[in-house]
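Chains, contacts and geometry: an overview
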Amino acid sequence: KIEEGEDTLNHQITMDGHTYYHEKQRWQRCGIHTINNLFQQNIYTKEDFDAICVALAQTSMPQYVDMDGIQPYQPNPHKSEFGTGNYDVNVLQTAIQNQGYLVKWFDSRNDVNIINLEVIFGVLINYTERKFFGLRKTQHWCCIRNLHNSFVLFNSFQDQPEIFENETDVFLYFTTILSEKSGQILLVVEPDLEGYVYK
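Residues numbered from 1 in each chain as written. Predicted model: local features only at pLDDT ≥ 70, side-chain atom pairs only at ≥ 80, totals over all residues. Heavy atoms only, no water.

1. Observations regarding the overall build of the protein
Keep this limit in mind: Secondary structure elements follow DSSP: runs of H or I of four or more residues count as helices, runs of E of two or more count as strands, with numbering from the N terminus. Under the scheme applied here, a residue whose accessible area is under 20% of the maximum for its type counts as buried, over 50% as exposed, and between as partly exposed, the area being computed with a 1.4 Å probe on protein chains only. Any two residues whose heavy atoms approach within 4.5 Å are treated as being in contact. Computed with the Shrake-Rupley method and a 1.4 Å probe, the accessible areas treat only the protein chains shown as cover for residues.
In terms of regular secondary structure, the protein is built from 4 helices and 9 strands. Secondary structure elements in the protein, listed N-terminal to C-terminal, are β-β-β-α-α-α-β-β-β-β-β-α-β. The buried share among the 199 residues of the protein stands at 43%. Contacts in the protein between residues far apart in sequence, at least 24 positions, make up 54% of those at least 6 positions apart. Working note: accessible area of the protein is about 10,700 Å², and carbon and sulfur atoms make up 48% of it.

2. Some words on the pairing of strand β7 (residues 150–154)
Selection criterion: Any two strands between which DSSP finds at least two bridges are classified as paired.
The buried count for β7 comes to 4 of 5 residues, which makes it a mostly enclosed element. In terms of strand pairing, β7 meets strand β8 (residues 162–163) through 2 bridges, oriented antiparallel. Bridging across to β8, Leu 153 finds its partner in Glu 162.

3. Here we look at the nonpolar core
For clarity, the cut-off: The nonpolar core is taken to be a set of buried Ala, Val, Leu, Ile, Met, Phe, Trp, Tyr and Cys residues, with the residues joined through side-chain atoms within 4.5 Å.
Grouped together as the largest cluster of nonpolar side chains are 28 residues, with contacts concentrated most on Ile 35, Leu 38, Phe 49, Ile 96 and Leu 124. When residues in this core are grouped by element, the largest group, 5 residues, is from helix α1 (residues 30–39). Residues within four places of Ile 35 in sequence aside, it is in contact with Tyr 44, Phe 49, Leu 92, Ala 95, Ile 96 and Leu 124. If you look at the next biggest cluster of nonpolar residues, it comprises 23 residues, including Leu 117, Tyr 127, Ile 177 and Leu 187.

4. Notes on the pattern of salt bridges
Going by this rule: Put simply, a salt bridge is a Lys or Arg side-chain nitrogen that is within 4 Å of an Asp or Glu carboxyl oxygen.
Within the structure shown, the criterion is met by 4 salt bridges. Between Lys 46 and Asp 50 there is a salt bridge; the shortest N-O distance is 2.6 Å. Here Asp 50 and Lys 46 lie together in helix α2 (residues 46–60), a separation of 4 residues that amounts to about one turn. On the basis of relative accessible area, Asp 50 is assigned to the buried category, the value being 14%. A salt bridge links Glu 194 to Lys 104, with the shortest nitrogen-to-oxygen separation between them at 3.6 Å. With Glu 194 in the segment after β9 (184–189) and Lys 104 in strand β4 (residues 102–105), this residue pair connects regions lying 90 residues apart in the sequence. Residue classification places Glu 194 among the partly exposed residues on the basis of a relative accessible area of 35%. Take Lys 104: its relative accessible area is 23%, and that puts it in the partly exposed class.

5. Looking at α1
α1 sits mainly inside the fold: 10 of its 10 residues count as buried. Within the span of α1, buried status applies to Cys 30, Gly 31, Ile 32, His 33, Thr 34, Ile 35, Asn 36, Asn 37, Leu 38 and Phe 39. In the stretch just after α1, Gln 40 is the one whose phi turns positive, near 60 degrees.

6. Focus: the packing of α1 against helix α3 (residues 89–97)
Our working rule: Axes here refer to lines fitted to C-alpha atoms; in helices the fit is confined to the stretch in contact. Angles between the N-to-C directions go from 0 to 180 degrees. Any angle from 65 to 115 degrees is called roughly perpendicular, while one under 35 is roughly parallel, one over 145 is roughly antiparallel, and all others are oblique. Rotating anticlockwise by less than a right angle from the far helix to the near helix defines a left-handed crossing, while the corresponding clockwise rotation defines a right-handed one. Each residue gets one of three labels, nonpolar for Ala, Val, Leu, Ile, Met, Phe, Trp, Tyr, Cys and Pro, charged for Asp, Glu, Lys and Arg, and polar for the others, Gly among them.
Look at α1 against α3: their axes get within 10 Å of each other, and the N-to-C directions meet at 25 degrees. One way to sum up the angle between α1 and α3 is to call them roughly parallel. Helix-helix and strand crossings are classified by hand; for α1 and α3 the assignment is right-handed. Seen from α1, the contacting residues are Gly 31, Ile 35, Leu 38 and Phe 39; seen from α3, they are Leu 92, Ala 95 and Ile 96. Here the residues of the contact of α1 with α3 sort into 6 nonpolar, 1 polar and no charged.

Shown next as structure tokens:
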């Protein structure tokens, strides 16, 4: 069952008796969709993410001083210069930190089975998506949450969330992302649980 929100790409989806918030893809805004899906609500807008981009640019590069965070001759380095999205990891990390959580990068040289799924709030995943018969490569964001005693994948390319059968399937998915899609895994955790993200 799908209930459409004001934005027809934002849905409340009922699966197995539980309701999930799931945003679908618009432009290159998978970063926004992923964070909203992670927190299971429409917590950030394009304007919010653009404001984060401005703040980041003004902090790291003082020449970015105008309201758009850009100079006429140079685009903001944290998003697409065309206004379609394509936000980088610094923007997503700031958005998460603004909600009181920490982000820890997973070292892909380690075995994914050391991740303690029981204590983390969620997982951010970035991987390479091939389009146009593999001629074009883009980076895509998605996330996993532990909700209603199940691990759930929220990917804005998909029509609805995907529920994993068990932890083993989650780890197999991580392995596929790292080995076949040049992916990265970022762990989202409450500050007081930071020391427990690995078994």
